[in-house]
Amino acid sequence: MNRLASHNASVAAAFSAAAATYENGADVQFNVAGRLSARIAKLPLSPAPRILEIGCGTGFLSRKLRESFRDASWTITDISPQMLERCRANLGPVQDTSFKVMDGEAPSFATGERFDLICSSLAFQWFENLPATLAKLADLLVPGGHIAFATLAEHSFSEWRRAYAKIGADPAVLDCLPMADIQHAFPEGGTAEVDEEHIAQPYANGHAFLRKLRQIGADMPRSGHRPAPAGTLRRVLRAFDSGPDTHVTYHVAYGVFTQR
């Protein structure tokens, strides 16, 4: 198995294991999906658009979007079969909807299948090559179609990283792209807009932050790294809890690409 396949298999396994607990820990993910859906609702889409969702999780984004696009036809995907089934169950009986286990970095559809909207909330930060993925997704758009997404950017988890720095350790937490890289990740042949926000999410302490990560399956180390040894993690927790407050920043980038 090559490195990319191994990474994607690890991501799928982590989120599959967390499918049953995801919604108990996904406070930030729920709120970001709502903010992304509000942006999408303002796009010039037809009353019955063809929508592809990448990385549906348990269905936060698709549930919100159905309020705005009641006559849409949907293809809902996730790399995790368990997450996809949880999303299907949460949506209940739906028409014009198909569910597909799929790696968002390797979209696979019949020749000629196209979409008016491709959307994703907080999945793209797990991709190894965002520009290549956006180019593949853009090829699935109709003329005038849109890609709309939210992803984590470089300042995410900065407080947690500082706790590692205090003890002279290398953080294993997920690396997220700089805003400049996200802004330049879009393919030619369209227009793009990116904006950002910093969400300061409060936690009682470092243990509470880690517990939330585990509940959503996001506690796996960044590619090429191993989890911190128990002794190192205890020191990091003490360093984090000794700070003036115990919030963690989620630096969220919202991107919209429109195909010409």
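Residues numbered from 1 in each chain as written. Predicted model: local features only at pLDDT ≥ 70, side-chain atom pairs only at ≥ 80, totals over all residues. Heavy atoms only, no water.

Chemist: So what exactly am I meant to see when it comes to the overall build of the protein here?
Modeler: Tallying secondary structure elements over the protein gives ten helices and seven strands in all. Across its three principal axes, the protein shows a C-alpha extent of roughly 55 × 40 × 40 Å. The buried share among the 260 residues of the protein stands at 52%. Taken as a whole, the protein presents about 12,100 Å² of accessible surface, with 50% of it coming from carbon and sulfur. Charge-centre separation for the protein: the mean point of 26 positive side chains lies 6 Å from the mean point of 27 negative side chains. (Helix = DSSP H or I, 4+ residues; strand = E, 2+ residues; numbered from the N terminus. Buried < 20%, exposed > 50% of the residue type's maximum accessible area, 1.4 Å probe, protein only. Areas by Shrake-Rupley, 256 points an atom, 1.4 Å probe, with all protein chains shown as cover. Lys, Arg positive; Asp, Glu negative; His and termini not counted. Charge placed at Lys NZ, Arg CZ, Asp CG, Glu CD.)

Chemist: Is there a simple way to explain the pairing of strand β2 (residues 73-78) in this structure?
Modeler: Remark: a regular strand shows side chains that alternate across the two faces of the sheet. β2 sits mainly inside the fold: five of its six residues count as buried. Once you follow strand β1 (residues 50-53) into helix α4 (residues 60-68) and on to β2, the crossover reads as right-handed. The pairing of β2 with strand β3 (residues 97-101) spans five bridges and is parallel. Residue pairing in the sheet places Thr 77 in a bridge with Lys 100 of β3. (Right-handed = clockwise from strand over helix to strand, strands pointing away. Pairing = 2+ DSSP bridges.)

Chemist: Just to check I follow, could you spell out the pattern of salt bridges for this structure?
Modeler: Side chains that differ in sign of charge can pair as their charged atoms come close. In the structure shown here, the tally under the stated rule is nine salt bridges. Note that Asp 195 is salt-bridged to Arg 39, the shortest N-O span being 3.1 Å. Of this pair, Asp 195 sits in strand β6 (residues 190-202) while Arg 39 sits in helix α3 (residues 27-41), and the two are 156 residues apart along the sequence. Judged by its relative accessible area of 34%, Asp 195 is partly exposed. (Salt bridge = Lys/Arg side-chain N within 4 Å of Asp/Glu carboxyl O.)

Chemist: Whenever I open this one, the environment of Glu 113 confuses me. Can you help?
Modeler: Tracing the backbone shows Glu 113 in the loop between β3 and β4 (115-121). Along the primary structure Glu 113 and Ala 230 are separated by 117 residues, whereas in three dimensions their C-alpha atoms are 49 Å apart. Those residues in contact with Glu 113 that sit more than four places away from it in its chain are Thr 75 and Leu 140. (Contact = heavy atoms within 4.5 Å.)

Chemist: Honestly, the sheet that holds β6 in this entry has me stumped. Any pointers?
Modeler: Note: strands within a sheet are paired through backbone hydrogen bonds, in either parallel or antiparallel orientation. Reading across the sheet, the seven strands line up as β3-β2-β1-β4-β5-β7-β6 and stay open at both edges, with mixed pairing between neighbours. The open sheet terminates on both sides in strands that have one partner only, identified here as β3 and β6. Pairs of neighbouring strands in the sheet enclose a mean axial angle of 15°, with direction left out of account. In the sheet, β1 pairs with β4 via three bridges, with the strands oriented parallel. If you follow Leu 52 over to β4, its bridge partner there is Ile 118. Along the sheet face, α4 touches β1, β2, β3 and β4 and points at about 170° away from the line of β2. (Axes fitted to C-alpha atoms, helices over the stretch in contact; angles between N-to-C directions.)

Chemist: Would you explain the nonpolar core in this entry?
Modeler: In this structure, Ile 40, Trp 160, Phe 209 and Tyr 250 are the most contacted members of the largest nonpolar core, which totals 60 residues. Residue contacts for Tyr 250: discarding those within four places in its chain leaves Val 28, Leu 152, Ser 156, Phe 157, Glu 197, His 198, Ile 199, Gln 201, Tyr 203, Phe 209 and Leu 213. Leu 52, Leu 134, Phe 186 and Phe 257 belong to the second-largest nonpolar core, a separate cluster that totals 23 residues. (Core = buried A, V, L, I, M, F, W, Y, C linked by side-chain atoms within 4.5 Å.)

Chemist: Please explain unusual backbone geometry as it appears in this structure.
Modeler: Trans is the common state for peptide bonds, and a negative phi is the common state for residues other than glycine. With a phi close to 50°, Asp 96 is a non-glycine residue in the positive phi region. Mapped onto the secondary structure, Asp 96 falls in the loop between α5 (81-91) and β3. Taking relative accessible area as the criterion, Asp 96 reaches 55% and is therefore assigned exposed. A positive phi angle is found at Phe 157, which is not glycine, with a value near 65°. Position of Phe 157 among the secondary structure elements: in the loop between β5 (141-152) and α7 (158-166). A relative accessible area of 6% means that Phe 157 is categorised as buried.

Interpretation in functional terms is not warranted from these geometric data alone.
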